[in-house]
Amino acid sequence: MQLSGRVAIVTGAGQGIGKAIALKLASYGADIAAVDVNLEKAQEIAKEAQSMGRRAMAIKADVTSVKETEEMAEKVFNDLEAIHVLVNNAGITRDGLILRMKEEDWDAVIGVNLKGAFNCSKAVLKYMTKMKWGRIVNIASVVGEMGNAGQANYAASKAGVIGLTKSIAREFASRNITCNAVAPGFIETAMTDALSDKVKEDLLKHIPLGRLGGPNDVAMGVLFLSSNAAGYITGHVLDINGGMVMA
């Protein structure tokens, strides 16, 4: 699963799962473009990748902006001379029950999580198409497969990401470009740290492996799908959820 000579873009790379993914890909040889709305955090990730001997750059970009995502892709291609891998990880939550959910909370989550994945994919695909090689890995979620009370916007965005993944996979397979999704379950991040002990106990009852996942669990799945080892896999959703949902 070595990625030597590959150039990977990771959005939402500044913290949590995105950080783990960017550094995991770097540790296996990839040069990294760390993309985040927080430039300082992205710069920290780029420095860590550089300390491994990789070429790395940090880019501040709003994935909901077509202009900014196009400029991001162009900059990466010009500076690092290729784009082989895109990991669409940028995501937000604005939880609330449907009857109380504000329109702006719906639009914000759909904008970042789904439109952002579309914008970034479209921006890099023209470069991957020219090279006739590419890996796109979209970060979906277990709630995009099963739904979740209080997360209609988030679940809808992640279900949309799965549909987007399969459509890209069909459109670009002839160009040797694969597109897959990773659907994490409940992962130990700042988001889950905020949950009460009671909520965590209730969650664990629904996870056969009896624990929350870690960012590294997700990063290893992304690494595999980004590599030559997964060259005959496309349009697939890799569940990393401890058995919480079994297809």
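The present account deals with the structure reproduced in this document. What you see is a predicted model, and the numbers here were worked out from it, not measured in a lab.

Conventions used here
- Residues numbered from 1 in each chain as written.
- Predicted model: local features only at pLDDT ≥ 70, side-chain atom pairs only at ≥ 80, totals over all residues.
- Heavy atoms only, no water.
- Helix = DSSP H or I, 4+ residues; strand = E, 2+ residues; numbered from the N terminus.
- Rg over C-alpha atoms; globule rule 2.2 N^0.38 Å.
- Contact = heavy atoms within 4.5 Å.
- Areas by Shrake-Rupley, 256 points an atom, 1.4 Å probe, with all protein chains shown as cover.
- Lys, Arg positive; Asp, Glu negative; His and termini not counted.
- Charge placed at Lys NZ, Arg CZ, Asp CG, Glu CD.
- Salt bridge = Lys/Arg side-chain N within 4 Å of Asp/Glu carboxyl O.
- Buried < 20%, exposed > 50% of the residue type's maximum accessible area, 1.4 Å probe, protein only.
- Polar contact = N/O pair within 3.5 Å; in protein donor to acceptor, adjacent residues only side chain to side chain.
- Phe/Tyr/Trp six-rings, centres within 6.5 Å; stacked < 30°, edge-to-face > 60°.
- Lys NZ or Arg CZ within 6 Å of the ring centre and 35° of its normal.

### Side note on the overall build of the chain
Assigned secondary structure in the chain consists of nine helices and seven strands. Rg of the C-alpha trace for the chain: 17 Å, near the compact-globule value of 18 Å for 247 residues, within the 12% margin. Considering only C-alpha atoms, the chain reaches an extent of 50 × 35 × 35 Å along its principal axes. Taking the intrachain contacts of the chain between residues at least 6 apart in sequence as the baseline, contacts between residues at least 24 apart amount to 73%. Summed over its atoms, the accessible surface of the chain is roughly 11700 Å², and 52% of this surface lies on carbon and sulfur atoms. When the 27 basic and 26 acidic side-chain charges of the chain are each reduced to a single mean position, those positions are 6 Å apart.

### Here we look at the pattern of salt bridges
Across all of its chains, the model carries seven salt bridges by this definition. Lys 205 is the partner of Asp 202 in a salt bridge, and the nearest nitrogen-oxygen pair spans 3.7 Å. Looking at Asp 202, the relative accessible area reads 28%, which means it is partly exposed. Overall, Lys 205 belongs to the exposed group, its relative accessible area being 67%. Linking Asp 217 and Arg 211 is a salt bridge whose minimum nitrogen-to-oxygen distance equals 3.4 Å. With relative accessibility at 29%, the residue Asp 217 sits in the partly exposed group. Each member of the salt-bridge network shares a partner with another, and the members are Asp 31, Arg 55 and Glu 81.

### Points about the side chain of Asn 119
As for its position among the elements, Asn 119 is in helix H4 (residues 103–131). A polar atom in the side chain of Asn 119 sits 3.0 Å from the backbone oxygen of Val 63. Once you skip the residues sitting within four places of it in the chain, Asn 119 turns out to touch Val 63, Thr 64, Ser 65, Val 66 and Thr 69.

### Quick word on the packing of aromatic side chains
Under the defined criterion, the tally for this structure stands at one aromatic pair. Measuring from centroid to centroid gives 4.6 Å for Phe 77 and Tyr 127, while their planes differ by 25°, and the two rings are stacked. With Phe 77 in helix H3 (residues 66–80) and Tyr 127 in helix H4, the pair connects residues that are 50 residues apart, well separated along the chain. The class of Phe 77 is partly exposed, set by a relative accessible area of 27%. Stacked on the ring of Trp 133, the Lys or Arg Arg 6 has its end atom at 3.7 Å from the ring centre.

### Some points on unusual backbone geometry
Phi at Glu 81 takes a positive value of approximately 70°, unusual for a residue other than glycine. Using a relative accessible area of 58% as the deciding quantity, one classes Glu 81 as exposed. Notably, Asn 176 is not glycine yet its phi reads approximately 65°, a positive angle. Classification of Asn 176 by relative accessible area gives partly exposed; the value is 38%.

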